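Examination of the molecular architecture
Here's the letter readout for the chains.
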Amino acid sequence: MTPPLPRHADPAQRSVAAATRRQRRRRPLGAKIMGGFGEILITLGVLGLLFVVWELWWTGIEAESDRQDSLDEFYANMPARPAVSDGDDGDNDDDGPNPADFEVCYTLDDGTEIGCADHMRAQTGSEQIMGTVYAPRLGENWAAPIRYGVSATQIDRGGVGHYPNTQWPDEPGNFALAGHRNTNASMLGNQDSLQIGDPIYVVSYDGIYVYEVRERQVVLPNQTEVLNPVPSDSAAEAEFGVLTFTTCHPMFSNRERLIHHAEIVDFVPIGAEAPADLVHHEPITQMFYAGGAG
Amino acid sequence: MYAWFFRELLPGPLWVRIILTVVLLAAVVYGLMEFVFPWLSEYSPLGDVTLEDG
């Protein structure tokens, strides 16, 4: 037994002490190699775990802040709510758009007129927000800005992307959107909680396109027929609008795609009454009447 | 490997070496998160949510 060294020994003594420690701990070469190999394996394991943390959590931080910025920008540039008119003051000059005279692009079988999306169709730049989609089932404050395109540039920034080769909300056909399930703020992480009959609202500066969920599907990534104008029939000609959500399936995998189709049921022009589901989003009531106005 | 790094390569008394270790680890994790993983993710399938012919 060597007597314990004083705590503040001079450097020479300390290195002697270190040398003695090394001496004591000298292991056979084989054990050293195995130990080093083990440490490399542990390092690789930790790196793998860190990558999972990054993918599932870290990517969401930036995407969520991008989403919030996009939403703020979409709200900030909203056209002002038209002035309330009592209808018989005789001058309509400064009353803003009249909900009755929007441009109709096509009419549903039940007579519902679907307004044109001229403004939305022009927002195809990578920095532009076409509109915002709301699905109350996915959360009271769930709001996904829509960008034009489905590559990482568009959908990694929170929100959803519009498949460029699909149709627009103002025409019969498929308005298809893609969003992340597990990464980059997981915009469509809860897509599977959508129920048949749930409303989905696409709010744009042209008006609100109202959809109702009709069908849930799980397909393979190459089954692009779900993006057809009529998803179930590639030969048929579309007679009404469909909104399609696409995301990864199952959770934490990309083996398949989860698909929800919704059918257009209504159009709310600027100046008309906003759907009750949306009135708690204050900026929307600035563009649309919240109801009972006047 | 790490024991040797901690004992022989890092300077100063124990508490300095502990602080240095934490700082170095934080720097490595930050570098991975900001630079290495974004590059690596191009080869990861989880971010691929779209449908395409193929």
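See the structure shown above.
Report on the accompanying structure. Just so we're clear, the structure is a prediction, and the values are computed from it rather than from any experiment. (Residues numbered from 1 in each chain as written. Chains lettered and ligands numbered in written order. Predicted model: local features only at pLDDT ≥ 70, side-chain atom pairs only at ≥ 80, totals over all residues. Heavy atoms only, no water.)

Let us look at helix 2 (residues 14-40) of chain B. Helix length check: helix 2 of chain B (27 residues) gives 36 Å between terminal C-alpha atoms against 39 Å at 1.5 Å per residue, within 8%. Where helix 2 of chain B bends most, the angle comes to about 40°, and this point is Leu32(B). When helix 2 of chain B is considered as a whole, its buried residues turn out to be Arg17(B), Gly31(B), Leu32(B), Met33(B) and Phe37(B). The elements touched by buried residues of helix 2 of chain B are helix 2 (29-76) of chain A together with helix 1 (2-9) of chain B. (Helix = DSSP H or I, 4+ residues; strand = E, 2+ residues; numbered from the N terminus. Expected span 1.5 Å × (residues − 1). Bend = angle between axes of the 7 residues up to and from the residue. Buried < 20%, exposed > 50% of the residue type's maximum accessible area, 1.4 Å probe, protein only. Contact = heavy atoms within 4.5 Å.)

The subject of this paragraph is a negative patch on the surface. On the surface, a cluster of negative charge is contributed by Asp109(A), Asp110(A), Glu237(A), Glu239(A) and Asp266(A). Examined against the element boundaries, Glu237(A) turns out to sit in the loop between strand 8 (207-219) and strand 9 (241-249). (Patch = residues over 30% accessible without salt bridge, like charges linked within 9 Å, V, L, I, M, F, W, Y side chains within 5 Å. Areas by Shrake-Rupley, 256 points an atom, 1.4 Å probe, with all protein chains shown as cover. Salt bridge = Lys/Arg side-chain N within 4 Å of Asp/Glu carboxyl O. Lys, Arg positive; Asp, Glu negative; His and termini not counted. Charge placed at Lys NZ, Arg CZ, Asp CG, Glu CD.)

Time to look at the pattern of salt bridges. Residue and element names in this part refer to chain A. In the structure shown here, the tally under the stated rule is 10 salt bridges over all chains. Here Asp170 and Arg121 are joined by a salt bridge, their closest N and O atoms 2.8 Å apart. Pair noted here: Asp170 is in the loop between strand 5 (160-162) and strand 6 (173-178) and Arg121 is in helix 3 (residues 118-122), with a separation of 49 residues, a long-range link. Judged by relative accessible area, Asp170 falls into the buried class, the value being 3%.

Another aspect to go through is the pairing of strand 10 (residues 256-268) of chain A. All names here are of chain A. Where strand 8 meets strand 10, 11 bridges bridge the pair, whose relative direction is antiparallel. Residue pairing for strand 10: Val218 is matched across the bridge by Leu258. Bridging between strand 9 and strand 10 involves eight bridges; their strand directions are antiparallel. Bridge assignment links Phe245 to a residue of strand 10, and that residue is His260. If you look at the hairpin formed by strand 9 and strand 10, you'll find six residues sitting between the two strands, and Phe252 has a positive phi there, around 60°. (Pairing = 2+ DSSP bridges.)

Below, the discussion takes up the state of the cysteines. Residue and element names in this part refer to chain A. Evaluation of the coordinates by the stated rule reveals one disulfide over all chains. What pairs with Cys105 in a disulfide is Cys116, and their sulfur atoms sit 2.0 Å apart. Torsion about the S-S bond of the Cys105 and Cys116 cystine: about 110°, corresponding to right-handed handedness. A residue pair is termed long-range when its members are at least 10 positions apart, and Cys105 in strand 1 (residues 104-107) and Cys116 in the loop between strand 2 (113-115) and helix 3 qualify at 11 residues. By relative accessible area, Cys105 is classed as partly exposed at 36%. For Cys116, a relative accessible area of 10% translates into the label buried. (Disulfide = S-S within 2.5 Å.)

On to the pairing of strand 6 of chain A. Residue and element names in this part refer to chain A. Most of strand 6 is tucked away: six of the six residues are buried. Where strand 5 meets strand 6, two bridges bridge the pair, whose relative direction is antiparallel. Residue pairing in the sheet places His162 in a bridge with Leu177 of strand 6. Examined bridge by bridge, strand 6 and strand 9 share six bridges and lie parallel to one another. Bridge pairing links Asn174 to Val242 in strand 9.

Residue and element names in this part refer to chain A. Among the nonpolar cores identified, the biggest contains 29 residues, and Val133 and Ile200 are the most heavily contacted of them. Among the elements of the structure, strand 4 (143-148), strand 6, strand 7 (199-204), strand 8, strand 9 and strand 10 are those that each provide at least two residues to this core. Leaving out residues up to four positions away in the same chain, Ile200 has contacts with Val133, Tyr134, Ala135, Leu194, Tyr209, Val210, Tyr211, Val213, Leu243, Phe245 and Ala262. (Core = buried A, V, L, I, M, F, W, Y, C linked by side-chain atoms within 4.5 Å.)

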